[in-house]
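Results of the structural survey
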Amino acid sequence: MTELRAIGVAKRFGGIRALDGVDFHVRGGELVAVCGENGAGKSTLMKILAGIHRPDAGQLEMDGVRIELESVRSAQSHGIALIHQELELCDNLTVAENVGLGDEPRHFAFVDRRRLEETARLALTRLGLEIDPRTPLGDLTIGHRQMVEIAKALARRARVLILDEPTSSLSRAEADRLFDVLDGLRDEGTAIVYISHRLSEIRRLADRVVVLRDGQLAGTLDHDEIEVDRLLTLMIGEPLEAHVRDASRRSGDEAALSLENVSTSSWPRATVSFSVAHGEVLGIAGLVGAGRTELLRAIFGIDTREGVVRVDGVAVPTARPRAMQRAGVAFLPEDRKFEGLLLEASVLDNLTLSALPRWSRFGFVDRTACARAAAEIVDELRIKCDYFERPVGELSGGNQQKVVLGKALLQDPNVLLLDEPTRGIDVGAKQEIWTRIRGLADQGLAVVFVSSEFEELTALADRVAVLSRGNLVAMLSHAELDETTLLDLAAGSRIRA
Amino acid sequence: MNSQSARSSHARSLGDKKVLGIAIVFLLVCALTALASDRFLTLHNIANLLRRSALFGVLSLGAAWVIVTGGIDLSIGSVVCLSGCLLPWLVVDQAMSTPIAVLLVLTIAAGIGLAHGLLVARLGLQPFLVTLCGLLLYRGAARVIVDDQTVGFGIGHMTLRGIATSSFDVLGLAVPAPFFLLIGLSFVTFVLWQRTVFGRWLFALGRNETAARFSGVPTKRLVASSYVICAMLAAVGGMLFVLDVNGAQPTDFGNFFELYAIAGAVLGGCALRGGEGSVLGLLIGAALMQVLRNAIRLVDALPNQAEYAILGLVILGGVLIDEAVRRIAKRRTAR
């Protein structure tokens, strides 16, 4: 039976010890979840198993025989496949071409298309998927693309499948489907390593959870032992306070932000009206594609909009980010790497980017004032960075997200628009950001945030607006919030005014 | 306060290392040339080199403005041609007053740059294509305007020509006037890049235009203005060139100058993907190009016919060293 084992692997990057003598194993027919905060060493361990990094110390064994993984290709030849968080597929090729990429069946120098498509079809059928292998990949949903990536691994006879946060961009239905597929593969004897931040998934899937902390093994829990508290304690070393929401707090009545019949280019026929008071937190829920992100972007003036947006009672005529910022609105985009940060630029440059005019006279930047303000926000948000000039891309996901939040806060806004404020970051940083957002509301900011996580909606929102196909179908108070209602409303099977 | 100073006082950034690298290459080439030819370190040759470097430095400065936004301007040579032909044509053939002629040329260049900028920023066309069309268009326009005739100032207009031809004595070395002009323009660029909101935003959008736009940076306006500045600096360069050599033939005046300008900027550390660049580096890069051309002419072992081949090899070498520096730096900070 398949058994992949890592013995005492260690890896350093510069002065940072990413992994420090970790033992790990996974057997065929078993799904092992790997947990840990960002920077705990999960990704490094996975990359070592997949042949991307070579360990500084320790060794790898496959079925009891020592192996050296020099490259992704040599890992593949041992039957190990890594499925990346960011899918590594080519949109312009067909499904079959993607499945066979780099390993095309040949007929002399030519690609044997029939065999290529046959291999892809077989792999897809094994996943219970009926997709024509000749479909261009670009036409598939994210969920289906994920399946294609798994099919690609299967077509290469992968015996060990490593998945790095596979559900981060999947809808609930797509995620459920993936879980069924993983169950099936496990029963067929595939060894599966599963990295995730989501505790519910881990409980649903894992036979065993391995928790890493600061590059070391913090502990292992068997399926029956998996409980939120125990897991969190292992991950962060200390128990967490529960919800951060203070239900006794009342919001003011003055509208900080109000929308009147606002429509976006993605749902031009649907109009949305609501207003948010100072000190109030409004959550926006809905399925992927319901127009939540588009609504925030339209409010902030990134996309064109129809209708009226008022900030503190004054209509902002031009839909431009700069005009909205001047009116006191700050925006945190959904995708921090591509929309939120200049990854190669320093922490300082990123933090101060939006609010530079605040510290300038006649266009000249007062760099001392600039650095002082940035230093304050770094301390306030507890951003872990040793020096300001460090490229922000080298920080962990949670700290990167804090930088994006810091950039918005340095504008000293009255209204904060947040799109998935804690997406893909670890539990500790998530709690910190939640506490921070509630604190900002207590100081009188109006907060509007989009979230796909029910937990986040309940933790933060005073009210939740539910969008379905661009329409505002319900406005729920915190007391009315419950997961089933929300899903029903979002799916459009129930309408409530 | 304490933590702040600890955070900012860190080792040199990658940009400084790149400037150091190009400076070392520059000194090395100078030293080797001086060893191989006793004509290199003469006062006359140095003054001449300073003049050539200053003229091309102005063009590299312009190219860098566009390169830091992640764009490219291939029309620099043709703008040099157009402005270099227009100035004598306006002043001599059309008897226009000199200040008005200079202003007119600069205005035309600004219009050209604005057209590039709007096509790139508003319509989202690729800079390569837009300015490639410009490359053909402006040289063609220059040839039509002066009817393929060589234009020049003849023996007159010595005061005007003095802007390019005169020099000032500094410790026995005749430092040409354009050199001081370049220093001035470089200083202004340096201040704009490093100290103003405009400059910081320009570099930000070069790194990640989407993130900059989402952060409230008026990206379109900034991109357009960088093309305007580039074209205007090209026009300044073009006028200086024609004042210097006193003659422009529109079929070949300014040929390939965009490549010298871009190569100088890239050798000096401006990354073509945008967001990186240093004024000092690009000045050394532009000077390196001229020293190399000079060396090929002076050193007998290097055949003149090999000029382009040698330049190509050196630029490739510079880019390789740059990549090596980047990889070493990355390995050190990788996580």
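Remember, it's a predicted structure, so these values are computed and weren't measured experimentally.

Topic: the overall build of chain A
Counting its regular elements, chain A contains 17 helices and 24 strands. In terms of overall size, chain A behaves like a compact globule, its C-alpha atoms giving a radius of gyration of 24 Å where 497 residues would be expected to give roughly 23 Å. The principal-axis extents of the C-alpha atoms in chain A amount to approximately 70 × 50 × 50 Å. A buried classification covers 56% of the 497 residues belonging to chain A.

What to know about the overall build of chain B
When its secondary structure is counted, chain B shows 14 helices and 2 strands. For 335 residues, the compact-globule formula gives about 20 Å, and the C-alpha radius of gyration of chain B, at 20 Å, lands near that figure. Expressed along its principal axes, the backbone C-alpha trace of chain B runs to roughly 65 × 50 × 40 Å. The buried share of chain B, taken over its 335 residues, is 51%. In chain B, 76% of the contacts between residues at least 6 apart in sequence involve partners at least 24 apart. Carbon and sulfur atoms form 67% of the exposed surface of chain B, whose accessible area is close to 15100 Å².

Quick notes on the state of the cysteines
All names here are of chain B. One pass over the structure, following the stated rule, counts 0 disulfides over all chains. Cysteine Cys 85 remains unbridged, with the sulfur of Cys 81 as its closest cysteine sulfur at 4.2 Å. Cys 270 takes part in no disulfide bond, and the closest cysteine sulfur, belonging to Cys 230, lies 11 Å away. Judged by relative accessible area, Cys 270 falls into the buried class, the value being 1%.

Here's the deal with the interface of chain A and chain B
Each partner contributes to the interface: chain A provides 44 residues, whereas chain B provides 28 residues. Interface of chain A and chain B: buried area, both sides summed, is about 3200 Å²; carbon and sulfur atoms make up 57% of it. Remark: the boundary between chain A and chain B carries 3 salt bridges. Residue Asp349(A) pairs with Arg200(B) through a salt bridge whose shortest N-O separation is 3.5 Å.

A closer look at helix α15 (residues 427–442) of chain A
Residues and elements named next belong to chain A. Relative to the 22 Å expected for 16 residues at 1.5 Å per residue, α15 spans 23 Å between its end C-alpha atoms, a close match to the ideal helical length. Of all 16 residues in α15, 12 are buried, a share of seventy percent or more. Among the residues of α15, Val 427, Gly 428, Ala 429, Lys 430, Gln 431, Ile 433, Trp 434, Arg 436, Ile 437, Arg 438, Leu 440 and Ala 441 are the ones counted as buried. In the stretch just after α15, Gly 444 is the one whose phi turns positive, near 110°.

Side note on the confidence of the model for chain B
Residue and element names in this part refer to chain B. Per-residue pLDDT for chain B averages 89, and the proportion of residues at 70 or more is 93%. Mean pLDDT values for the elements of chain B range from 39 in helix α1 (residues 2–8) up to 97 in helix α5 (residues 98–121). The low-confidence segment residues 1–12 (pLDDT under 50) makes 17 contacts with residues lying over four places distant or belonging to another chain. Reported confidence for the predicted complex is 0.84 by ipTM and 0.78 by pTM.

What about the side chain of Glu61(A)?
All names here are of chain A. Mapped onto the elements of the fold, Glu 61 is located in strand β4 (residues 57–62). Here Glu 61 occupies a buried position and makes no salt bridge, while the nearest side chain of opposite charge, Arg 5, is found at 4.8 Å. Within the local environment of Glu 61, its side chain forms a polar contact with the side chain of Gln 59, the two groups lying 3.3 Å apart. Apart from the residues lying within four places of it in its own chain, the contact partners of Glu 61 are Glu 3, Leu 4, Arg 5, Ile 7, Arg 66 and Ile 67.

Some details on the packing of helix α5 (residues 142–155) of chain A against helix α6 (residues 172–187) of chain A
All names here are of chain A. One way to put it is that α5 packs onto α6 with a least axis distance of 10 Å and a crossing angle of 15°. Relative to α6, the element α5 lies roughly parallel. With respect to the hand of their crossing, α5 and α6 are arranged in right-handed fashion. Contact residues: α5 offers Gly 143, Met 147, Ile 150 and Leu 154, while α6 offers Glu 174, Arg 177, Leu 178, Val 181 and Leu 185. Residue classes in the contact of α5 with α6 are distributed as 6 nonpolar, 1 polar and 2 charged.

Structural notes on helix α8 (residues 177–195) of chain B
Compared with the 27 Å implied by 1.5 Å per residue over 19 residues, the 27 Å span of α8(B) between its first and last C-alpha is a close match. Considered for burial, the residues of α8(B) that qualify are Ala177(B), Pro178(B), Leu182(B), Ser186(B), Thr189(B), Val191(B) and Trp193(B).

Points about a nonpolar patch on the surface
All names here are of chain B. On the surface, Phe 168, Val 170, Leu 171 and Phe 180 cluster together into a nonpolar patch covering about 450 Å² of accessible area. Inspection of the secondary structure puts Phe 168 in strand β1 (residues 167–170). The class of Phe 168 is partly exposed, set by a relative accessible area of 47%.

Points about the pattern of salt bridges
All names here are of chain A. On inspection of all chains with the given rule, the structure shows 34 salt bridges over all chains. Two residues, Glu 30 and Arg 208, come together in a salt bridge whose shortest N-O distance is 3.0 Å. Linking Glu 30 in the loop between β2 (16–27) and β3 (31–35) with Arg 208 in strand β11 (residues 208–213), this pair joins segments that are 178 residues apart in sequence. Residues Glu 30 and Arg 208 agree in their burial class; the two are buried. As a salt-bridge pair, Arg 186 and Asp 207 come within 3.0 Å of each other at their nearest N and O atoms. On the criterion of sequence distance, the pair formed by Arg 186 in helix α6 and Asp 207 in the loop between α7 (199–205) and β11 is long-range, its members being 21 residues apart. Note on Arg 186: relative accessible area 11%, which makes it buried.

Points about the sheet that holds strand β22 (residues 446–450) of chain A
All names here are of chain A. If you walk across this open sheet you meet the 6 strands as β18-β21-β22-β15-β23-β24, and the pairing is mixed. One side of each edge strand has no neighbouring strand; the edge strands of this open sheet are β18 (329–332) and β24 (471–477). If you compare each strand with its neighbour and ignore which way they point, the axes differ by 20° on average. Bridge count between strand β23 (residues 463–468) and β24: 6 bridges; the pairing is antiparallel.

Section: the packing of aromatic side chains
All names here are of chain B. Counted by the stated rule, this structure contains 13 aromatic pairs over all chains. Ring geometry for Phe 168 and Phe 180: centres 5.6 Å apart, planes at 80°, overall edge-to-face. Residue Phe 168 is found in strand β1, and its partner Phe 180 is found in helix α8; the two are separated by 12 residues along the sequence. For Phe 180, a relative accessible area of 39% translates into the label partly exposed. Arranged with centres 5.5 Å apart and planes meeting at 75°, the rings of Phe 256 and Tyr 308 form a pair that is edge-to-face. Residue Phe 256 is found in the loop between α11 (219–245) and α12 (257–267), and its partner Tyr 308 is found in helix α14 (residues 307–333); the two are separated by 52 residues along the sequence.

Scoring rules and cut-offs
- Residues numbered from 1 in each chain as written.
- Chains lettered and ligands numbered in written order.
- Predicted model: local features only at pLDDT ≥ 70, side-chain atom pairs only at ≥ 80, totals over all residues.
- Heavy atoms only, no water.
- Helix = DSSP H or I, 4+ residues; strand = E, 2+ residues; numbered from the N terminus.
- Rg over C-alpha atoms; globule rule 2.2 N^0.38 Å.
- Buried < 20%, exposed > 50% of the residue type's maximum accessible area, 1.4 Å probe, protein only.
- Contact = heavy atoms within 4.5 Å.
- Areas by Shrake-Rupley, 256 points an atom, 1.4 Å probe, with all protein chains shown as cover.
- Disulfide = S-S within 2.5 Å.
- Buried area = accessible area lost by both parts, 1.4 Å probe.
- Salt bridge = Lys/Arg side-chain N within 4 Å of Asp/Glu carboxyl O.
- Expected span 1.5 Å × (residues − 1).
- pLDDT = per-residue confidence, 0-100.
- Lys, Arg positive; Asp, Glu negative; His and termini not counted.
- Polar contact = N/O pair within 3.5 Å; in protein donor to acceptor, adjacent residues only side chain to side chain.
- Axes fitted to C-alpha atoms, helices over the stretch in contact; angles between N-to-C directions.
- Parallel < 35°, antiparallel > 145°, perpendicular 65-115°, else oblique.
- Left-handed = near helix turned anticlockwise from the far one by under 90°.
- Nonpolar A, V, L, I, M, F, W, Y, C, P; charged D, E, K, R; others polar.
- Patch = residues over 30% accessible without salt bridge, like charges linked within 9 Å, V, L, I, M, F, W, Y side chains within 5 Å.
- Pairing = 2+ DSSP bridges.
- Phe/Tyr/Trp six-rings, centres within 6.5 Å; stacked < 30°, edge-to-face > 60°.

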